[in-house]
Amino acid sequence: MKQPIGIFDSGVGGLTVFREIRKNFPYEDIIYFGDTARVPYGPKSRNTIVEYSVQNARFLTQYGAKIIVVACNTSSAVALEHLQKNFSIPVIGVIESGAEAAVKATCNNKIGVIGTDGTIRSNAYFNAISALFSKMEIHSRACPLFVSLVEEGWENHEVTEIIIKEYLTPLLAKKIDTLVLGCTHYPILKPAIRKIVGNEIALIDSAEALALQLQKLIPKQEIEQDGKDTFFVSDNEEKFRKIASHILGRNIQTLMNVKLGESWYIPL
Ligand code: DGL
């Protein structure tokens, strides 16, 4: 039976993860769910994020997903363990692979981590990096405005430069040599961030790191499908379509609207 890779995110940002997975697995079928009706997850409480994440994962399993990729950093930070305990298929998040890539990249053992409020509040990156090297100096900062800048398509806007500078100056003052882009939207800002931080700082894109980790979980002999993409959103298809073509550099074909509610809900 054909079983797709299932990916979910709070909205469009997870397409940066989809993009990397598609690049690495051209023949796998992929089903993507973006919870555009309930985005953003970043400022929400732990319980709400877990509840939404369970519903999203349950939806993907109903579509026969063989593995669930939690593209959303906030869901990965807050709900991954719960999902791994409650689903019988592998569930993989972006935090661990991002943490591993950062630890490999740093030379001076000073790492900066940026993400949504929810991700930074959870300390998930801090814990994952410390578990790999307990003496690592880690400086974290929530950059909530970055998500809106990307959704507005303002990655080249002068305002974006000013905001990036404002958020990152305290991290640069700590002499970090590695910066984890701990949010689905931030890779889109990579060129603008690069401009502010210069060429000496390694920028860790969790999406790239996750796609590489996935290679270990999905054996090559299983790669026999058509490379079909199916996208679902819970609201606002047209906005999703527009941002998707911007992020992916091509138009998306199959896009459907689905409402997730009680019927997809597993009690916590
Ligand atoms: N997808 C979220 C993340 O990676 C960013 C957008 C949101 O706050 O929902 O953390």
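Please refer to the structure placed before this passage.
The paragraphs below set out a description of the structure included in this document.

Criteria and cut-off values
Residues numbered from 1 in each chain as written. Predicted model: local features only at pLDDT ≥ 70, side-chain atom pairs only at ≥ 80, totals over all residues. Heavy atoms only, no water. Buried < 20%, exposed > 50% of the residue type's maximum accessible area, 1.4 Å probe, protein only. Helix = DSSP H or I, 4+ residues; strand = E, 2+ residues; numbered from the N terminus. Pairing = 2+ DSSP bridges. Salt bridge = Lys/Arg side-chain N within 4 Å of Asp/Glu carboxyl O. Core = buried A, V, L, I, M, F, W, Y, C linked by side-chain atoms within 4.5 Å. Expected span 1.5 Å × (residues − 1). Bend = angle between axes of the 7 residues up to and from the residue. Contact = heavy atoms within 4.5 Å.

### Quick notes on the pairing of strand β5 (residues 110-115)
Part 1 of the reasoning: Within β5, 5 of the 6 residues are buried, which leaves the element mostly enclosed by the surrounding structure.
Part 2 of the reasoning: As defined by bridge partners, β5 adjoins strand β6 (residues 137-142) across 6 bridges and the pair is classed as parallel. When the bridges of β6 are listed, Val 113 appears paired with Ser 140.
Part 3 of the reasoning: Pairing between β5 and strand β7 (residues 178-182): 5 bridges, direction parallel. In the strand pairing of β7, Ile 111 is matched with Thr 178.

### Section: the pattern of salt bridges
Part 1 of the reasoning: Overall, the coordinates contain 10 salt bridges when judged by the stated rule.
Part 2 of the reasoning: The salt bridge partner of Lys 85 is Glu 81, with a shortest N-O separation of 3.7 Å. One end of the pair is Lys 85 and the other is Glu 81, both in helix α3 (residues 73-86) and 4 residues apart, which spans about a single turn. Both residues of the pair, Lys 85 and Glu 81, belong to the exposed class.
Part 3 of the reasoning: When the shortest N-O distance is used, the salt bridge between Glu 208 and Lys 190 registers 3.5 Å. Of this pair, Glu 208 sits in helix α10 (residues 206-217) while Lys 190 sits in helix α9 (residues 190-197), and the two are 18 residues apart along the sequence.
Part 4 of the reasoning: Look at the salt bridges and you will find they share partners, linking Arg 22, Asp 229 and Arg 250 into a network.

### Observations concerning the nonpolar core
Part 1 of the reasoning: Membership of the largest hydrophobic core comes to 93 residues, with the highest contact counts inside it found for Leu 15, Ile 21, Ile 114, Phe 146, Leu 179, Ile 193 and Phe 240.
Part 2 of the reasoning: Among the elements that make up this core, the one with the highest residue count is helix α2 (residues 46-62) (7 residues).

### Here's the deal with the environment of Asn 123
Part 1 of the reasoning: Mapping Asn 123 onto the fold places it in the loop between α5 (117-122) and α6 (124-132).
Part 2 of the reasoning: According to the relative accessible area criterion, Asn 123 is partly exposed, its value standing at 39%.
Part 3 of the reasoning: Taking the C-alpha atoms as reference points, Asn 123 and Glu 81, 42 residues apart in sequence, are found 14 Å from one another.

### Notes on helix α8 (residues 158-173)
In an α-helix there are 3.6 residues to a turn, and that puts residues three or four apart on one side.
Part 1 of the reasoning: With 16 residues, α8 extends 22 Å between its outermost C-alpha atoms, agreeing within 8% with the 22 Å of an ideal straight helix rising 1.5 Å per residue.
Part 2 of the reasoning: At Tyr 167, α8 is bent by approximately 40°, the largest bend along its length, and proline Pro 170 sits one to four residues beyond.
Part 3 of the reasoning: Among the residues of α8, those classed as buried are Thr 160, Ile 163, Ile 164, Tyr 167, Leu 168 and Leu 171.
Part 4 of the reasoning: Elements that come into contact with the buried residues of α8 comprise β5, β6, α7 (145-151), β7 and α9.

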